[in-house]
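The chain contents come next:
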Amino acid sequence: MEQKKWGLLDKMLLIIVNNPIFHRGAPLKFNYIVFLTQNFSNMSTLRFHALKASLDRKPIKVVETEKRSSLFGLNVFNDSAMRQSLTKDAYESVNDAIEKGTKIKRSIADQIASAMKDWAINKGVTHYTHWFQPLTGATAEKHDAFFETIGNGSAIEKFGGGQLVQQEPDASSFPHGGIRNTFEARGYTAWDPTSPAFIYGTTLCIPTIFVSYTGEALDYKTPLLKALQAVDSAAVAVARYFDKNVKKVNASLGWEQEYFLIDSALASSRPDIIMTGRTLLGHSPAKGQQLDDHYFGTIPNRAMAFMRDLETECMLLGIPVKTRHNEVAPNQFELAPIYEEANLAVDHNSLLMDIMEKIAQRHNFKVLFHEKPFEGINGSGKHNNWSLSTDTGVNLLSPGKTPMSNLQFLAFFINTIKAVNEYEDLLRASIATAGNDHRLGANEAPPAILSVFIGEQLTSVLNELENVTQGKLSPKEKTDLKLNVVGKIPEILLDNTDRNRTSPFAFTGNKFEFRAVGSNANCAKAMTVLNSIVANQLIEFKKEVDLLIDKKDMKKDDAVFNILREYIKKSKNILFEGNGYSQAWEKEAKKRGLSNNKTTPEALKAKTTKKAIALFEELNVMNRVEQEARYEIEIEEYILRIQIESRVLGDIARNHIVPTAVKYQNVLIKNVTGLKEIYEDKYKNVAKEQIELIQEISSQIESINSKVTKMIEERKKANVIGDSEKKAQAYCSKVRSYFDEIRYHCDKLELLVDDEIWPLTKYRELLFTK
């Protein structure tokens, strides 16, 4: 008997055979596997079986018996758990580490570890892991049991301070950008006490940083913590101009996670979704999002069951999710929490994305975080709402009730704008990925040009401040300024509800909303850059204000007004209130000297400039080696993602689309042959449409094969380029340029070929099957 050759179709069958969604978790018997093999003899049959499976779904029953508030944080070793479990010395030591950054003594660490172990074991935990965020974009964990043998056939549960504080995972396969050799596997994870340990399943997860043997950061958390420390120090120094009691400033973050929910059977029937997270082919359905009937509409029953289940898990893990709703595109949704301290918020978002994928499997869904999974409808972002708050309870980006508090607001407000103006290209680089390139500038997403939207009323305030007299202010001018300009800011902001949906960086009343961040991103990348550039700007601001006070004998208010006036003048280029999609804005932005980096290889160059390297080095956020390593990692990731998409696209086009088109063409040829037998010489009159269709299909097939061949040749050329930057440019401009062309011809065939034999699940089925 000839041995069977396994092709992509067979591999897809294996996915189905091993996927419990088709057999409700029960083991598949051999005769059922034979049935699948016989009946899924082509991809179109797989498509229709997947469609039937999705239509037969019923919402999974979710039982909610307790109030959210009573569930919140039950599986977190938070302040409440520590108060109950730790000695006074141990509790104070952890708090000092969180608030002041002090080190925890080894003896105290042993006490904390023992208490943490007992707390976890009482909740059914058997293992622990150092949970970290390497530069893969995902989270990482290696589980070890508390179990330890002690000889004589006996064992105990053991977990000491050494295991809590530091671990040494095998780091050989994590991205490192040349920081170390592959054969040097050593890397260290170290406990981050500012983010509490939590239980997921039967594992105690301890948030940690991840560094190389020589101390360089190999994760997202380490630079973020340093950036937050920098902005804390710089913001405290400026805030003390207005309130001497301020001792600490926390950066807060509230993310808004957008995502798509697709039935798992339908997703499994699409090789492109499985392999790349997005559809590389597919003609737009007649109805998409043009009726705006999905946005804020009634949440479908299955999706609601998923959300309820997810929110219960989030409550147990202390993730303060609050808002859920339908987004603009069909089967697109959003989830948003109450804002938190930025480091904890980043951890919670990374954890949430892991949980969402697991809960989605439970509900027979696949969750898509790709920024542009479907052509022609909205992509998904992750808006980062950022602000600064003092330990005295004041939001520094929210106006107060007095002119003095409003002057403080203006100081932080204008300095943030100035920071973005100075480093707009670096901020753009922080959100640059292959996926986000598809989203930026498309539909409702912001453009690739970074600009700041503040609204008409605040623009008017800045215009008035710009005219402040240079030098010392007269008593009359100072009074007028405080009463008629600064004093009226609160009532202005009450009416300032307009939001420019095309702005990448918008002020929204008491925070800045960084809207250009992609849905699949780790928020730490954008937050590290934003907090660093604001810290740097606040340091410069204090130097300049102090100089006027010391050298020019100015009063503090006069000095602050003078510096802010100059900053307003210097930052005008970054302010934009109009339509970010217009060609007129592109021309205007170019005149203003703003960058317009539409692709990741172009955008990432900003990370290697002398200006960027100096910024992070001076703030002690990252050294040159770490920055250059991250650039190499991100460039390499871009290359690999485009390479994978190119291979998948070529495979689907040649092995699925073209054979299906030929099969349908043969049906048409048989039809024409039959008509010729009946009508003889007059057959062309009755077979005209079929003949034209045969010719049209041949033309599309020829175009597909030609362009796939050319794409492969360009890929081969790119693969031999040694320089990573040039290689990325080649993949971007030479290889990727064929994607849309190949897609165009494949999508044309989708409209020509009989629906019953079309191999790929169509957009209308993916997007409108609830």
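Residues numbered from 1 in each chain as written. Predicted model: local features only at pLDDT ≥ 70, side-chain atom pairs only at ≥ 80, totals over all residues. Heavy atoms only, no water.

Caption draft 1: Structural detail: the overall build of the protein. Across its full length, the protein holds 30 helices and 17 strands. Sorting the 770 residues of the protein into buried and exposed places 55% on the buried side. The long-range fraction of contacts in the protein, counting pairs at least 24 apart against all pairs at least 6 apart in sequence, stands at 76%. Accessible surface computed for the protein: about 34,400 Å², of which carbon and sulfur atoms make up 50%. (Helix = DSSP H or I, 4+ residues; strand = E, 2+ residues; numbered from the N terminus. Buried < 20%, exposed > 50% of the residue type's maximum accessible area, 1.4 Å probe, protein only. Contact = heavy atoms within 4.5 Å. Areas by Shrake-Rupley, 256 points an atom, 1.4 Å probe, with all protein chains shown as cover.)

Caption draft 2: Layout of empty space enclosed by the protein. Summed over the entire model, instances satisfying the criterion amount to seven cavities of 30 Å³ or more. Approximately 220 Å³ is the volume found for the largest cavity. If you list the elements that add at least two residues to the lining of the largest cavity, you get α20 (523-551) and α25 (624-679). In terms of residue class, the lining of the largest cavity is built from nine nonpolar, three polar and four charged. (1 Å grid on protein atoms, 1.4 Å probe; cavity = no way out; pocket = protein on both sides within 12 Å on 5 of 7 lines; lining within 4 Å. Points joined across faces, edges and corners; volume = space filled by probe spheres on them. Nonpolar A, V, L, I, M, F, W, Y, C, P; charged D, E, K, R; others polar.)

Caption draft 3: Quick look at the side chain of Lys727. Along the chain, Lys727 falls in helix α28 (residues 724-735). It is Glu636 that comes nearest to the buried, bridge-free Lys727 among opposite-charge side chains, at 5.5 Å. For Lys727, the contacting residues outside a window of four places in its chain are Ile639, Ala718, Asn719 and Ile721. (Lys, Arg positive; Asp, Glu negative; His and termini not counted. Salt bridge = Lys/Arg side-chain N within 4 Å of Asp/Glu carboxyl O.)

Caption draft 4: Looking closely at helix α12 (residues 301-316). For α12, spanning 16 residues, the distance from its first C-alpha to its last is 23 Å, which sits close to the expected 22 Å at 1.5 Å a residue. Within α12, twelve of the 16 residues are buried, which leaves the element mostly enclosed by the surrounding structure. The complete set of buried residues in α12 reads Arg302, Ala303, Ala305, Phe306, Met307, Asp309, Leu310, Glu311, Glu313, Cys314, Met315 and Leu316. (Expected span 1.5 Å × (residues − 1).)

Caption draft 5: Broad picture of a nonpolar patch on the surface. On the surface, Ile678, Tyr679 and Val686 cluster together to form a nonpolar patch covering roughly 300 Å² of accessible area. Examined against the element boundaries, Val686 turns out to sit in helix α26 (residues 683-686). (Patch = residues over 30% accessible without salt bridge, like charges linked within 9 Å, V, L, I, M, F, W, Y side chains within 5 Å.)

Caption draft 6: Layout of the packing of α12 against helix α13 (residues 342-362). Between α12 and α13, the shortest axis-to-axis distance is 10 Å and the interhelical angle comes to 135°. With respect to α13, the element α12 is oriented oblique. The two elements α12 and α13 cross, and the hand of that crossing is right-handed. Here Phe306, Asp309, Leu310, Glu313 and Cys314 of α12 lie close against α13, whose contacting residues are Leu352, Ile355, Met356, Ile359, Ala360 and Arg362. (Axes fitted to C-alpha atoms, helices over the stretch in contact; angles between N-to-C directions. Parallel < 35°, antiparallel > 145°, perpendicular 65-115°, else oblique. Left-handed = near helix turned anticlockwise from the far one by under 90°.)

Caption draft 7: Highlighting the packing of aromatic side chains. Under the defined criterion, the tally for this structure stands at 25 aromatic pairs. Measuring from centroid to centroid gives 6.0 Å for Phe541 and Tyr567, while their planes differ by 55°, and the two rings are tilted. With Phe541 in helix α20 and Tyr567 in helix α21 (residues 556-570), the pair connects residues that are 26 residues apart, well separated along the chain. Taking relative accessible area as the criterion, Phe541 reaches 0% and is therefore assigned buried. Feature note: the residues Phe409, Phe413, Phe505, Phe507, Phe512 and Phe514 constitute an aromatic cluster, connected by ring pairs. Here the guanidinium or amino end of Arg302 rests over the ring plane of Phe365, the centre of that ring lying 4.2 Å away. The ring of Tyr423 has Lys611 lying over it, and the distance from NZ or CZ to the ring centre is 4.6 Å. (Phe/Tyr/Trp six-rings, centres within 6.5 Å; stacked < 30°, edge-to-face > 60°. Lys NZ or Arg CZ within 6 Å of the ring centre and 35° of its normal.)

Caption draft 8: Representation of the nonpolar core within the structure. If you look at the biggest cluster of nonpolar residues, it comprises 124 residues, and the most contacted ones within it are Tyr259, Phe306, Leu410, Phe413, Ile533 and Phe541. Residue contributions to this core peak at 13 residues, all from α20. Ignoring sequence-local partners within four residues, the contact set of Phe413 consists of Leu397, Ile454, Leu458, Leu462, Phe507 and Phe512. (Core = buried A, V, L, I, M, F, W, Y, C linked by side-chain atoms within 4.5 Å.)

Caption draft 9: Seen up close, the pairing of strand β9 (residues 249-263). When you tally the buried positions in β9, you get 14 out of 15 residues, the bulk of the element. Both β9 and strand β12 (residues 340-341) contribute to a ladder of two bridges, which runs antiparallel. By the bridge assignment, Leu253 is partnered in β12 with Glu340. Bridge count for β9 against strand β13 (residues 365-368) is four bridges, and the pairing is antiparallel. Considered in β13, the bridge of Asp263 is made with Phe365. (Pairing = 2+ DSSP bridges.)

Caption draft 10: Looking closely at the confidence of the model for the protein. When the pLDDT values of the protein are averaged, the result is 89; 89% of them are 70 or greater. Below pLDDT 50 for its whole length, residues 1-40 participates in 51 contacts with residues either more than four positions away or in separate chains. (pLDDT = per-residue confidence, 0-100.)

Caption draft 11: Just the pattern of salt bridges, in detail. Tallied over the entire structure, the rule returns 42 salt bridges. Notably, a salt bridge pairs Arg47 with Asp755, separated by 2.8 Å at the nearest N-O pair. Of this pair, Arg47 sits in helix α3 (residues 43-55) while Asp755 sits in the loop between α29 (739-752) and α30 (763-768), placing them 708 residues apart in sequence. Between Lys418 and Glu422 there is a salt bridge, and its shortest N-O distance comes to 3.5 Å. With Lys418 and Glu422 both in helix α14 (residues 403-422) and four residues apart, this pair spans about one turn of that helix. The exposure class assigned to Lys418 is buried, which follows from its relative accessible area of 8%.

Caption draft 12: Geometry of the packing of helix α6 (residues 88-100) against helix α7 (residues 106-121). Interaxial distance between α6 and α7 falls to 10 Å at its minimum, and their mutual angle equals 105°. Looking at the two axes, α6 sits roughly perpendicular to α7. Residues Asp89, Ala90, Ser93 and Val94 of α6 form the contact with α7, whose own contacting residues are Ile108, Gln111 and Ile112. Split into classes, the residues belonging to the contact of α6 with α7 amount to four nonpolar, two polar and one charged.

Caption draft 13: Region of interest: unusual backbone geometry. Even without being a glycine, Asn331 presents a positive backbone phi close to 60°. Residues other than glycine seldom take positive phi values, yet Asp553 does so here, at roughly 55°. By the secondary structure assignment, Asp553 is in the loop between α20 and α21.

Caption draft 14: A look at the environment of Trp758. Note on placement: Trp758 falls in the loop between α29 and α30. For Trp758, a relative accessible area of 2% translates into the label buried. Each C-alpha atom, one on Trp758 and one on Ile657, is 7.9 Å from the other, the two residues being 101 residues apart in sequence. Apart from residues lying up to four places away in sequence, Trp758 is in contact with Ser44, Arg47, Ile657, Thr660, Cys746, Leu749, Glu750 and Val753.

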